[in-house]
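Structural characterization, general
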Amino acid sequence: MEAADKMKRTLIGLKGHLTRQITKCQNLSQQSPVDYTELEDLLQVAENLGVKLPQINIPTFSGNENESWDDFWSKFVDAVDSKADIPQTTKFTYLQGLLRNEALKVISNITLTSDGYDLAVQLLKSNYDNKEKTITILVQKLLDLPCLEQSPLDVRDETEDDESNAPVHKLWDLDTLGIVPDQPSPDDTWMYQQYLDTVIFQDNQYWVRLPWKLNDPQLPVNYFMASTQLNSQLARLRKQPDKLQLYHALIQQQLANKFIEVVEEDNHKTGHYLPHHAVLKDSVTTPIRIVFNCSAKLKADSVSLNDCLQTGPSLTQRLQDVLLRFRSGVFAYTSDISKAFLRVGLQETDRDFTKFLWVKDPQDPNSKIITYRFASVLCGATSSPFLLQATLDTHLKKSNSPYKTEISNNLYIDNFQGTTNDENKQVEIYHEANRELLGANMPL
């Protein structure tokens, strides 16, 4: 069997060699007539010996834009290239047999040898394994798609009563952004009025209530779940002592800033506890961030804090308006409100629903567990963007600043940016905005 296999490999190589020699002779025949009948006879002998490779079920590859090199090559690797018992020259023959048109031309001048196979693969990959080229082609195909014959608004009219189409409606809303005016729902109007009726300004700060849904389901008592997740979180962080120290320092910093407070006599059977975890960032200033999960559920059929809160109307400036205004001037300015959400105070009534657990000394496995709760609006609650923007709007409506409108129009969530044609004016606007926002305990 070994001798037969060796003979087959020799004849396969001979066949490829003879084929290239015949082609070369044909190309030179115009300069000096060449008799290559003998070579063709030798090639026919190889054919007559029945030297045929086993069939493999792999689609051919021509190098066209609608063909996937990744798909072709992964199938070829599985069937041929990864097989250690198949000689390199045989792999080359398989590869040649599966290539067509432009793809075959890429390797047409390479000799059928082991080194030649490696070179052929390298050339094919350099031509067709090009991710950027593939992305460009796909994007162009998207741009070449024909326009819809029917307006998204017309389609929406036909299906607006079908609740199953709600996610699609959101896409249509994006498609008509800035064209169709927003229509506040009765719930949003009621919620905004509730905010105005309950907001308090005291000690240079605004204090708000959480906007609970009407007839909302009862939040479950979840102390045990929170304590279990705390132990898991500590176990992970103790493997990275520097991150654990930063995590603890952030909590102590929030306590010092009065964004959170200690619950001195905690009743584990009341209120609600929020799980929290670390998000590591590639940043020198803030390498770690604490995320509080307001969507955590005790069980699959129970509710989370976010399930019980209203989202509220969108009071944020339209992004397209902010961007267009930003392009209107020559000189740009940009800043952001420091810890914006935490600058809005949370009234005492709702604080027990934002409790969370931490330990007095994270380095000590037996350290006492301490219960904290938020004394401010936390980032992560579904209602927080509304509460922040409503507070900013309420504060700026009281302003007597000549730049009152400009400050309001150029605020996007906690970002403040704009442009002006006067270099000196941009500095003046920044200082005026900072002075106004300091009046609500929201420094830039």
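Values in this document were obtained by computation on a predicted structure and should not be read as measured data.

1. Considerations on the overall build of the chain
The number of helices and strands found in the chain is 17 helices and 11 strands. Each of the 444 residues in the chain was classed as buried or not, and the buried ones make up 36%. Here the contacts in the chain between residues at least 6 apart in sequence split such that 69% fall between residues at least 24 apart. With the model as given, the accessible surface of the chain reaches about 27,000 Å², and the carbon-plus-sulfur share is 52%.

2. Observations concerning the sheet that holds strand E8 (residues 355-359)
Taking strand neighbours across the sheet as the criterion, the three strands line up as E3-E9-E8 in an open arrangement whose pairing is antiparallel. One side of each edge strand has no neighbouring strand; the edge strands of this open sheet are strand E3 (260-262) and E8. Strand after strand, the sheet turns through a mean of 35° between neighbouring axes, direction not considered. On the sheet, helix H11 (residues 223-237) packs against E8 and strand E9 (369-374) and is oriented at approximately 40° with respect to E8. On the sheet, helix H12 (residues 241-256) packs against E3, E8 and E9 and is oriented at approximately 130° with respect to E8.

3. Focus: the packing of aromatic side chains
Any pair of aromatic rings gets described here by the distance separating the centres and the angle formed by the planes. With the rule as written, the count across this model stands at 16 aromatic pairs. Judged by centre distance (4.6 Å) and plane angle (50°), the rings of Phe201 and Tyr206 are tilted. Exposure remark for Phe201: the relative accessible area of 40% places this residue in the partly exposed category. Ring centres of Trp212 and Phe353 lie 5.1 Å apart, and the angle between their planes is 70°; on these two criteria the pair is classed as edge-to-face. Pair noted here: Trp212 is in the loop between strand E2 (205-208) and H11 and Phe353 is in the loop between strand E7 (345-346) and E8, with a separation of 141 residues, a long-range link.

4. Some remarks on the environment of Pro365
For Pro365, the position within the fold is in the loop between E8 and E9. According to the relative accessible area criterion, Pro365 is exposed, its value standing at 63%. Sequence separation of Pro365 and Asn231 is 134 residues, and the distance between their C-alpha atoms is 9.5 Å.

5. Here's the deal with the sheet that holds strand E1 (residues 200-202)
Sheet strands associate in pairs through backbone hydrogen bonding, adopting either a parallel or an antiparallel arrangement. Within the open sheet, the three strands sit side by side as E1-E2-E7. Their pairing is mixed. Only two strands of the sheet have a single neighbouring strand rather than two, namely E1 and E7. Bridge analysis of E1 against E2 gives three bridges, and the strand direction is antiparallel. Paired with Gln202 across the two strands is Gln205, which belongs to E2.

6. Structural notes on the packing of helix H3 (residues 69-81) against helix H6 (residues 114-128)
It is the contact of H3 with H6, at a shortest axis distance of 11 Å, that shows an interaxial angle of 160°. Between H3 and H6, the angle falls in the class roughly antiparallel. Where H3 crosses over H6, the handedness of that crossing is left-handed. For the pair formed by H3 and H6, the contact residues are Trp69, Trp73, Phe76 and Asp81 on the first element and Tyr117, Val121, Leu124, Lys125 and Tyr128 on the second. In the contact of H3 with H6, the residues fall into seven nonpolar, no polar and two charged.

7. A look at the side chain of Arg373
Its place among the elements puts Arg373 in strand E9. Among the polar contacts made by the side chain of Arg373, one reaches the side chain of Glu261 at a distance of 2.6 Å. In this structure the side chain of Arg373 is engaged in a polar contact, spanning 2.8 Å, whose partner is the side chain of Glu348. The contacts of Arg373, once residues within four sequence positions are left out, are Ile260, Glu261, Val263, Glu348, Arg351, Asp352, Thr354, Lys355 and Phe356.

8. Thoughts on the pairing of E2
By the alternation rule, side chains of E2 split into Gln205 and Trp207 and Tyr206 and Val208, which are all buried. Here E1 hands over to E2 after two residues, with Asp203 in that stretch at a positive phi of 55°. Looking at chain direction, E2 and E7 are connected through two bridges and run parallel. Counted as the bridge partner of Val208 is Leu346 from E7.

9. Quick notes on the packing of H3 against helix H4 (residues 88-98)
Packing of H3 against H4 brings their axes to within 11 Å, and their N-to-C directions diverge by 145°. Pair H3 / H4 crosses with right-handed handedness. Every residue of H4 that contacts H3 at Phe72, Phe76, Val80 and Asp81 is listed here: Lys91, Tyr94, Leu95 and Leu98. Looking at the contact of H3 with H4 residue by residue, the class counts come to six nonpolar, no polar and two charged.

10. What to know about unusual backbone geometry
Excluding glycine, residues mostly have negative phi values, and the peptide bonds linking residues are mostly trans. Phi is positive for Asn204, close to 60°, though the residue is something other than glycine. Locating Asn204 in the fold gives a position in the loop between E1 and E2. Note on Asn204: relative accessible area 40%, which makes it partly exposed. Of note in this structure, Lys258 is not a glycine but carries a positive phi near 65°. Along the chain, Lys258 falls in the loop between H12 and E3.

Parameters and conventions
- Residues numbered from 1 in each chain as written.
- Predicted model: local features only at pLDDT ≥ 70, side-chain atom pairs only at ≥ 80, totals over all residues.
- Heavy atoms only, no water.
- Helix = DSSP H or I, 4+ residues; strand = E, 2+ residues; numbered from the N terminus.
- Buried < 20%, exposed > 50% of the residue type's maximum accessible area, 1.4 Å probe, protein only.
- Contact = heavy atoms within 4.5 Å.
- Areas by Shrake-Rupley, 256 points an atom, 1.4 Å probe, with all protein chains shown as cover.
- Pairing = 2+ DSSP bridges.
- Axes fitted to C-alpha atoms, helices over the stretch in contact; angles between N-to-C directions.
- Phe/Tyr/Trp six-rings, centres within 6.5 Å; stacked < 30°, edge-to-face > 60°.
- Parallel < 35°, antiparallel > 145°, perpendicular 65-115°, else oblique.
- Left-handed = near helix turned anticlockwise from the far one by under 90°.
- Nonpolar A, V, L, I, M, F, W, Y, C, P; charged D, E, K, R; others polar.
- Polar contact = N/O pair within 3.5 Å; in protein donor to acceptor, adjacent residues only side chain to side chain.

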